[in-house]
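If you want the building blocks of each chain, they are given just below.
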Amino acid sequence: MPVATSRAPITWRQGFTSLGAAFGSPQPAASLPDPCWIAHDRDVAALLGLDERWMNSDQALQALSGNAPLPESIPFASVYGGHQFGVWAGRLGDGRAVLLGETTQGQEIQLKGSGRTPYSRGADGRAVLRSSIREFLACTAMHGLGIPTTRALALIGSPLPVQREEPETAAVLTRVAPSFIRFGHFEWFASQGQTTELRQLADYVIERYYPECREADSANDNAYAGLLRAVSERTAHLIAQWQAAGFMHGVMNTDNMSILGLTLDYGPFQFMDGYDPRHICNHSDPLGRYAYDEQPAVAHWNLACLARALLPLIGETAQAQAAIAVYPQTFNRAYLEQMRRKLGLQDAWEGDEASIAALLALLASGHVDYPVFWRRLSRAIASDHMAPVRDLFVDRSAFDAWLLSLQKQLAQYGKAQNPDLMLKTNPRFVLRTHLAEHAIRDAKLQNFETLQTLHEVLTHPYDEHPGQDAWAGLPPDWADTLTLSCSS
Ligand code: AMP
Ligand code: MG
């Protein structure tokens with residue numbers, strides 16, 4: 001039952017919009033007819049100091065649907081550019097999102113799907129319920145896995161029709177992150193020769209999020225090269241986590257790359273089902289630019305775009321090159337570490353890389369289900385009962401040989417797999433496409449229970465959650481027929 005409240009729930013501090021008119025345009029959210037609550041995330045609410053009473057209030061519903069501005073908030077759409085599928089796309093910007101402001105906790109709040117802005121480029125400024133549910137759950141799932149991501153506070157639906165391939169309805173997602181600044185923000189000002197704004201933006205990002213780069217200003221380094229190196233390192237860690245988790249973003253354009261190394265802008269993302277390193281999750285990417293095994297190299301390419309954009313500030317090409325050169329080694333180290341943990345091992349051993357590569361080749365050749373394999377392996381190491389794992393392979397003897405070889409190596413180095421570590425590293429619940437599809441189908445019938453249940457299990461994906469086996473198993477046959485595209 002909604003309760004009325006008039007107290008200002010959110011207190012703001014100066015943030016991105018204080019950079020000035022060159023960075024975007026004040027843009028009120030469009031109103032959303034007949035808004036209704038679909039879901040909200042209590043943990044994100046708590047992060048913003050919002051209590052349950054407010055989250056259930058009509059003020060919250062109206063404010064987060066875009067119908068009534070929050071006190072002291074001046075919504076703002078920012079301008080950015082970007083490389084889309086390898087090609088410079090020119091001016092993009094928040095075409096369907098507005099920044100409400102930055103809270104005193106240092107979190108930006110953004111409404112996505114809140115209507116047209118000066119950057120809508122002829123599109124409707126809306127987001128559909130289907131993609132908004134996927135993004136809401138994806139933020140939950142990634143955070144639950146410990147992967148840096150923007151967060152989702154609330155999801156509000158509406159009967160407002162929105163035309164995509166077929167008629168759908170609108171939703172507004174409230175997103176939360178310390179910053180939504182993208183590589184594309186820098187690229188935009190660089191492309192326009194606006195070096196003053198470029199510097200202003202870089203200084204803002206350094207001061208707020210990378211203050212250590214200012215200290216590195218001395219010696220033969222400079223703060224902007226330091227920023228580029230720090231972003232390269234964060235990005236490397238992020239992509240290593242994606243690869244280990246089997247996460248595919250689907251649209252790794254530079255306008256979707258967070259300067260903070262967060263997973264940002266969930267569109268046709270997917271978590272790996274049967275392991276296929278060449279898997280392309282985005283139907284709008286027939287050439288596989290953003291295939292699973294391309295992601296690490298694409299992130300490096302995107303960092304090169306950022307490097308080019310920062311060059312007027314860095315000065316020396318060699319310094320920019322040196323800054324992004326940390327990416328491959330940081331990625332390789334972080335990825336290996338992630339994969340060792342999946343095997344229940346914290347330390348390196350000679351042969352770890354080869355052993356992991358051999359396992360992945362086995363998974364690929366049998367198209368073995370990625371999450372189920374890892375979870376079953378974790379259980380099997382805990383119980384010493386390997387049959388459920390072996391059963392996943394057509395060539396069981398090849399798996400036996402791999403395991404025997406691993407165990408021999410570990411014995412030689414006096415190491416053993418730690419099943420507790422494995423169970424905390426290999427989730428039981430993964431947001432596979434068909435799970436989101438269940439939530440979407442039910443939500444279209446005004447039933448939000450599946451969404452709620454998935455939200456709960458994905459918040460704590462390593463826990464057992466007895467009774468929720470239905471969400472933890474192999475995908476059904478119809479999952480193969482689901483296609484994902486940029487349409488959202
Ligand atoms: P995305 O592919 O969602 O990352 O979006 C790429 C660009 O297109 C961004 O500038 C978005 O703001 C813009 N965009 C995507 N969908 C819409 C829409 N329905 N209305 C207006 N702008 C959109
Ligand atoms: Mg985007």
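As a reminder, the structure under discussion sits directly above these lines.
Residues numbered from 1 in each chain as written. Chains lettered and ligands numbered in written order. Predicted model: local features only at pLDDT ≥ 70, side-chain atom pairs only at ≥ 80, totals over all residues. Heavy atoms only, no water.

(A) Expanded view of the coordination of the magnesium ion (ligand 2). Coordination of the magnesium ion (ligand 2) by the protein involves Asn-256 (OD1) and Asp-265 (OD), with metal-donor separations of 2.0 to 2.1 Å. The class of Asn-256 is buried, set by a relative accessible area of 11%. The buried category is assigned to Asp-265, whose relative accessible area is 13%. (Donors = N, O, S within 2.8 Å, 3.2 Å for Na, K, Ca; no water. Buried < 20%, exposed > 50% of the residue type's maximum accessible area, 1.4 Å probe, protein only.)

(B) The pairing of strand β5 (residues 81-84), seen in detail. Across 3 bridges, β5 lies against strand β6 (residues 87-91) in antiparallel orientation. Bridge assignment links Gln-84 to a residue of β6, and that residue is Val-87. A loop of 2 residues connects β5 with β6, the two strands running antiparallel in sequence, and Phe-85 in this loop sits at a positive phi of about 50 degrees. (Pairing = 2+ DSSP bridges. Helix = DSSP H or I, 4+ residues; strand = E, 2+ residues; numbered from the N terminus.)

(C) Representation of the pairing of strand β10 (residues 151-163). Inspection of the sheet shows strand β3 (residues 36-40) paired to β10 by 4 bridges, in the antiparallel sense. What sits directly across from His-40, in β10, is Ala-154. Two strands pair when backbone bridges link them, and β10 and strand β11 (residues 167-177) are joined in this way by 9 bridges, in the antiparallel orientation. Across the sheet, Ala-152 pairs through a bridge with Arg-175, a residue of β11. The antiparallel pairing of β10 with β11 creates a hairpin that spans 3 residues between the two strands.

(D) Geometry of the packing of aromatic side chains. For the structure shown, the criterion picks out 21 aromatic pairs. Here the aromatic rings of Phe-247 and Phe-269 are separated by 6.0 Å at their centres, their planes lie at 25 degrees, and the arrangement is stacked. Here Phe-247 is found in strand β12 (residues 247-248), whereas its partner Phe-269 is found in the loop between β12 and β13 (270-271), with 22 residues between them in sequence. Summarising the burial analysis for this pair, Phe-247 and Phe-269 share the class buried. When the ring of Phe-247 is compared with that of Phe-271, the centres are 5.3 Å apart and the planes differ by 65 degrees; the resulting orientation is edge-to-face. Here Phe-247, found in strand β12, pairs with Phe-271, found in strand β13; they are 24 residues apart in sequence, far enough to count as distant. For the pair Phe-247 and Phe-271, one class covers both residues: buried. Among the aromatic residues, ring-to-ring pairing joins Tyr-275, Tyr-292, Tyr-370, Phe-373, Trp-374, Phe-393, Phe-399 and Trp-402 into one connected group. (Phe/Tyr/Trp six-rings, centres within 6.5 Å; stacked < 30°, edge-to-face > 60°.)

Taken by themselves, the reported measurements are silent on function.
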